[in-house]
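The lines below spell out each chain.
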Amino acid sequence: MLIKRVVNIVDPTRREFLRKTFAGMGWMMAGTTLSQCSRGPDAGRGGGGGAGGMGGGGGGGGATMSNIANLGPLQDPDDNGLRLPEGFTSRIIGRSGMAVGDSGYLWHNAPDGGAVFTTADGGWIYVSNSESPALLTGGAGAMRFSADGDIVDA
């Protein structure tokens, strides 16, 4: 009788090496992009951003990727514990396991990654990822906002 051994072709140490390599490459690319946020107010003026768009309006130099450096110093924490620049406010729009607005949609556990997409009517959609190990509580969730910032749906 011939007994076959199942051999794991993917070496766990190789898999870990590749995972860390690609993660490091991602952080290097993100670091380059994020470093643009800390540049001074006159750095990189110009580029084809148009009015209010990324890149500023006219002049020489490369396009500015962000205007974060021009927002001013952070103030003391607000009622939600966030330190924001002067003139900014915060609000809680969702909590894990609780309904979002009047939608009845329960927000997922452990929200981590997120992105915002504009809508044709001037509103936006916030999409959040969850890496929760619990069944049926992970995945992605989304909240839709009207142009004036009210939660429309989730």
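All of these numbers come straight from a predicted model, not from anything done at the bench.

J.: Residue-level account of the pairing of strand β1 (residues 111–118), with values.
T.: Two strands pair when backbone bridges link them, and β1 and strand β2 (residues 124–130) are joined in this way by six bridges, in the antiparallel orientation. Paired with Gly-114 across the strands is Ser-128, a residue of β2. Between β1 and β2, which follow one another and run antiparallel, lie five residues, and Gly-122 among them has a positive phi close to 90 degrees.

J.: Explain the sheet that holds β1 to me, and be specific about the residues and the numbers.
T.: Strand order in the open sheet formed by four strands is β1-β2-β3-β4, and the pairing between neighbours is antiparallel. The sheet terminates laterally at β1 and β4 (151–153), the two strands that pair on one side only. Within the sheet, the average angular offset between the axes of one strand and its neighbour, ignoring direction, is 30 degrees. Across seven bridges, the pairing between β2 and strand β3 (residues 139–145) is antiparallel. The partner of Ile-125 across the bridge, within β3, is Arg-144.

J.: Can you lay out the confidence of the model for the chain for me, pointing to particular residues and giving the numbers?
T.: Confidence in the prediction for the chain averages 73 pLDDT; 55% of positions are at 70 or higher. Put simply, helix α1 (residues 12–35) is where the chain has its lowest mean pLDDT, 62, and β4 is where it has its highest, 94. Considering only residues more than four positions removed or in separate chains, one finds that residues 1–11, a stretch of pLDDT under 50, has one contact. Throughout residues 38–60 the model reports pLDDT below 50, and contacts reaching past four residues in sequence, or to other chains, amount to 39 contacts.

J.: Would you mind going over the environment of Thr-89 in detail, with residue names and values included?
T.: Mapped onto the secondary structure, Thr-89 falls in the loop between α1 and β1. The class for Thr-89 is exposed, based on a relative accessible area of 74%.

J.: Quick one: what's the story with the side chain of His-108, residue by residue and with numbers?
T.: Residue placement: His-108 occurs in the loop between α1 and β1. Engagement of the side chain of His-108 in a polar contact is seen with the side chain of Ser-128, the distance being 3.1 Å.

J.: So, the packing of aromatic side chains: which residues are in play, and what are the values?
T.: Inspection of every chain in the model, using the stated rule, returns three aromatic pairs. Geometrically, the ring pair formed by Trp-107 and Tyr-126 is stacked, given 6.2 Å between the ring centres and 25 degrees between the ring planes. In this pair, Trp-107 is assigned in the loop between α1 and β1 and Tyr-126 in strand β2, connecting sequence segments 19 residues apart. Owing to a relative accessible area of 5%, Trp-107 belongs among the buried residues under this scheme. When its relative accessible area of 23% is taken as the criterion, Tyr-126 is described as partly exposed. Following the ring pairs from residue to residue traces out a cluster consisting of Tyr-105, Trp-107 and Tyr-126.

J.: I'd love a proper account of a nonpolar patch on the surface, names of residues and values included.
T.: Together, Ile-68, Leu-71 and Phe-88 make up an exposed nonpolar region whose accessible area comes to about 280 Å². Within the secondary structure, Ile-68 sits in the loop between α1 and β1.

J.: Outline unusual backbone geometry, supporting the account with residue identities and numerical values.
T.: Excluding glycine, residues mostly have negative phi values, and the peptide bonds linking residues are mostly trans. In this structure, Ala-110 is a non-glycine residue whose phi angle is positive, near 50 degrees. Considering the arrangement of structural elements, one finds Ala-110 in the loop between α1 and β1. Note on Ala-110: relative accessible area 44%, which makes it partly exposed.

J.: How would you sum up the environment of Ser-90? Please name residues and give values.
T.: Along the chain, the position of Ser-90 falls in the loop between α1 and β1. When its relative accessible area of 24% is taken as the criterion, Ser-90 is described as partly exposed. Linking Ser-90 and Asp-78, residues 12 residues apart in sequence, is a C-alpha distance of 7.8 Å. The contacts of Ser-90, once residues within four sequence positions are left out, are Asp-78, Asn-80, Leu-82 and Leu-84. Looking at Ser-90, its side chain comes within polar contact range of the side chain of Asp-78, at 2.4 Å. Reaching out from Ser-90, the side chain makes a polar contact with the side chain of Asn-80 at a distance of 2.9 Å.

About the criteria used
Residues numbered from 1 in each chain as written. Predicted model: local features only at pLDDT ≥ 70, side-chain atom pairs only at ≥ 80, totals over all residues. Heavy atoms only, no water. Pairing = 2+ DSSP bridges. Helix = DSSP H or I, 4+ residues; strand = E, 2+ residues; numbered from the N terminus. Axes fitted to C-alpha atoms, helices over the stretch in contact; angles between N-to-C directions. pLDDT = per-residue confidence, 0-100. Contact = heavy atoms within 4.5 Å. Buried < 20%, exposed > 50% of the residue type's maximum accessible area, 1.4 Å probe, protein only. Polar contact = N/O pair within 3.5 Å; in protein donor to acceptor, adjacent residues only side chain to side chain. Phe/Tyr/Trp six-rings, centres within 6.5 Å; stacked < 30°, edge-to-face > 60°. Patch = residues over 30% accessible without salt bridge, like charges linked within 9 Å, V, L, I, M, F, W, Y side chains within 5 Å. Areas by Shrake-Rupley, 256 points an atom, 1.4 Å probe, with all protein chains shown as cover. Salt bridge = Lys/Arg side-chain N within 4 Å of Asp/Glu carboxyl O.

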